[in-house]
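Each chain, written out:
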Amino acid sequence: MAEPTSGEGYQRGLGTRQIQMLAIGGTIGTGLFLGAGKNIAKAGPSLILTYAIAGLMLFFVMRALGELLTYRQAEGGFAGYAREFLGPFWGYATTWTYWIIWVTTGMAELTAAGAYIQRWFPHFEVWKTALIALVILFVVNLISVKLFGELEFWFAMIKVAAIVAMILIGVGVLAFGFGDVGDTAAVSNLWQHDGFFPEGVSPMVMTLQMVLFAYLGVELVGVTAAEARDPEKNIPRAINALPIRFALFYLGSLLVILSVVPWTEFKGGASPFVLAFDKIGIPYGADIVNFVVLTAALSSCNAGGLYSTSRMLRTAGVNGDGPKALTRLNGRGVPVLTVVISALVMGLGVIVNIFVPEKAFEYITSVSTGGAIMVWTVILVAHQGYRRKVRRGELPASDYRMPGAPFTTWMVLAFFAFVTVTIAWEHDTRIALYVTAIWVVLIVAAWPVVRRNSRRAEAAAPEADAVRS
């Protein structure tokens with residue numbers, strides 16, 4: 001039986017296998033399955049190096065978050081640490097920023113799902129698929145966290161099995177020469193077509209924005225801690241496995257794909273996984289892979305778009321950063337109101353796909369990446385605040401420590417600053433900075449009202465306690 005957690009009301013309905021698969025599923029989404037196609041066309045094989053660099057940086061972010069999680073579990077995960085070590089404003093800003101990130105990411109995943117369906121139903125408009133998918137996932141998230149975790153477990157299993165199968169088939173093509181590309185498949189495809197950097201270093205650098213979007217979701221482990229069984233053991237285990245997962249799912253799959261099929265064959269709008277199986281010529285192989293990448297989009301929308309956003313909204317209510325009504329849970333421990341609100345706002349993505357379908361994915365992902373960089377930065381700075389208090393003897397040290405800190409912390413912060421510059425460099429991604437600027441203005445403008453309401457709630461709490469006693 002799931003037991004309520006103290007002070008939160010959630011149920012610990014996520015077991016070890018579900019936490020592990022949530023960690024895996026959070027790092028395999030549309031950014032890899034769809035976004036990689038555009039990036040291969042832009043940068044060629046050098047994209048592999050971009051994924052390796054970004055993966056290393058995100059691993060350090062997760063180690064910093066892991067140290068905080070093993071020190072103390074906070075309501076809202078990293079938003080709670082921002083509140084504790086940086087102040088109430090940063091807790092409030094992180095909570096709402098993470099919510100808007102995953103709302104927009106959910107829009108991107110719904111857009112991708114619509115694009116995948118068009119392989120089988122080319123005349124079925126993207127926005128219709130997006131709407132149907134949103135309604136189905138909305139209903140699942142309303143039922144219980146256990147059902148959500150079970151659905152996400154199988155979504156992740158499908159993704160993992162598909163990538164492993166694709167890598168094995170690709171290795172088989174390279175080793176034994178079977179399939180329609182058996183005569184041309186070779187590891188030398190990584191450098192034969194105008195070199196490893198065919199378009200130069202600059203295009204590779206400009207793919208960083210989309211590559212970081214591909215890693216968005218890795219921090220979901222921190223959000224699930226409140227509903228996980230034995231988090232002190234399961235959270236570090238999930239984080240420690242990230243380098244292997246990054247190496248296998250991202251670097252391994254791209255190495256195999258670009259060895260089997262030359263990078264010059266890839267077009268911007270197509271999934272490289274579907275295209276590779278088309279080229280190999282396995283009967284129905286491309287259709288199977290298309291189904292897999294469709295489940296990947298739905299998985300990301302399920303775990304990040306609805307699950308994490310609804311929990312972050314509830315955190316806003318618990319901490320006084322939003323209306324108290326957001327804290328309500330039903331008998332199964334589900335924050336129904338916040339699930340409804342997140343689903344309604346994600347519905348705006350359907351509207352975007354009606355009016356600008358050709359640009360919807362790029363616009364939405366650039367906005368998500370800009371917000372993600374802000375949240376990851378807050379995690380690192382909060383971690384520094386925790387380490388300072390540990391050095392002063394004010395807090396106990398965690399046994400699970402971020403390696404190389406504070407040097408590695410400053411290295412990752414510099415990397416994020418550099419990526420922000422690359423977002424500003426291109427016209428199509430620059431919209432992210434405009435949207436981010438507007439969001440910052442809204443957050444700052446709303447803070448005095450939020451803070452006033454929060455202080456009233458804090459003042460009312462002791463009086464309510466006195467009446468009850």
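Anything mentioned here points back to the structure above.
Heads up: these notes are all about the structure in this document. (Residues numbered from 1 in each chain as written. Predicted model: local features only at pLDDT ≥ 70, side-chain atom pairs only at ≥ 80, totals over all residues. Heavy atoms only, no water.)

Attention shifts here to the pattern of salt bridges. Applying the stated rule across the entire model yields 8 salt bridges. The residue Arg-387 makes a salt bridge to Glu-67 at a minimum N-O spacing of 2.8 Å. Taken together, the residues span a long stretch of sequence, with Arg-387 in helix H19 (residues 360-391) and Glu-67 in helix H4 (residues 47-71) at a distance of 320 residues. Each member of the pair, Arg-387 as well as Glu-67, is classed as buried. Notably, a salt bridge pairs Asp-278 with Arg-119, separated by 3.6 Å at the nearest N-O pair. Placement of Asp-278 in helix H15 (residues 272-280) and of Arg-119 in the loop between helix H6 (88-117) and helix H7 (126-143) is noted, with a sequence separation of 159 residues between them. Residue classification places Asp-278 among the partly exposed residues on the basis of a relative accessible area of 40%. (Salt bridge = Lys/Arg side-chain N within 4 Å of Asp/Glu carboxyl O. Helix = DSSP H or I, 4+ residues; strand = E, 2+ residues; numbered from the N terminus. Buried < 20%, exposed > 50% of the residue type's maximum accessible area, 1.4 Å probe, protein only.)

The end-to-end C-alpha distance of helix H20 (residues 407-425), which contains 19 residues, comes to 28 Å, matching closely the 27 Å that a straight helix rising 1.5 Å per residue would cover. Within the span of H20, buried status applies to Thr-408, Thr-409, Val-412, Leu-413, Phe-415, Phe-416, Val-419, Thr-422 and Ile-423. (Expected span 1.5 Å × (residues − 1).)

Here Thr-104 shows up in helix H6. According to the relative accessible area criterion, Thr-104 is buried, its value standing at 11%. Within polar-contact distance, the side chain of Thr-104 engages the backbone oxygen of Ile-100 at 3.0 Å. Reaching out from Thr-104, the side chain makes a polar contact with the backbone oxygen of Ile-101 at a distance of 2.7 Å. (Polar contact = N/O pair within 3.5 Å; in protein donor to acceptor, adjacent residues only side chain to side chain.)

Moving on to the packing of H4 against helix H11 (residues 208-215). At their nearest, the axes of H4 and H11 sit 10 Å apart, and the two run at 50 degrees to each other. Relative to H11, the element H4 lies oblique. Handedness of the H4/H11 crossing: right-handed. For the pair H4 and H11, contact is made by Leu-47, Thr-50, Tyr-51, Ala-54, Gly-55 and Leu-58 and by Leu-208, Val-211, Leu-212, Ala-214 and Tyr-215, respectively. Here the contact of H4 with H11 is composed, by residue class, of 9 nonpolar, 2 polar and no charged. (Axes fitted to C-alpha atoms, helices over the stretch in contact; angles between N-to-C directions. Parallel < 35°, antiparallel > 145°, perpendicular 65-115°, else oblique. Left-handed = near helix turned anticlockwise from the far one by under 90°. Contact = heavy atoms within 4.5 Å. Nonpolar A, V, L, I, M, F, W, Y, C, P; charged D, E, K, R; others polar.)

With that settled, the discussion passes to the packing of aromatic side chains. Two measures describe an aromatic ring pair: the distance that separates the ring centres and the angle between the ring planes. Throughout the structure, instances matching the rule amount to 18 aromatic pairs. Ring geometry for Tyr-71 against Phe-85: centres 6.1 Å apart, planes inclined by 50 degrees, an arrangement best described as tilted. With Tyr-71 in helix H4 and Phe-85 in helix H5 (residues 78-86), this residue pair connects regions lying 14 residues apart in the sequence. Taken together, a centroid distance of 6.0 Å and an interplanar angle of 50 degrees make the contact between Phe-415 and Phe-416 tilted. By relative accessible area, which is 8% here, Phe-415 ends up buried. With relative accessibility at 2%, the residue Phe-416 sits in the buried group. An aromatic cluster of at least three residues, connected via ring pairs, comprises Tyr-51, Tyr-215, Phe-246 and Tyr-250. (Phe/Tyr/Trp six-rings, centres within 6.5 Å; stacked < 30°, edge-to-face > 60°.)

Purely geometric numbers; function is a separate question.
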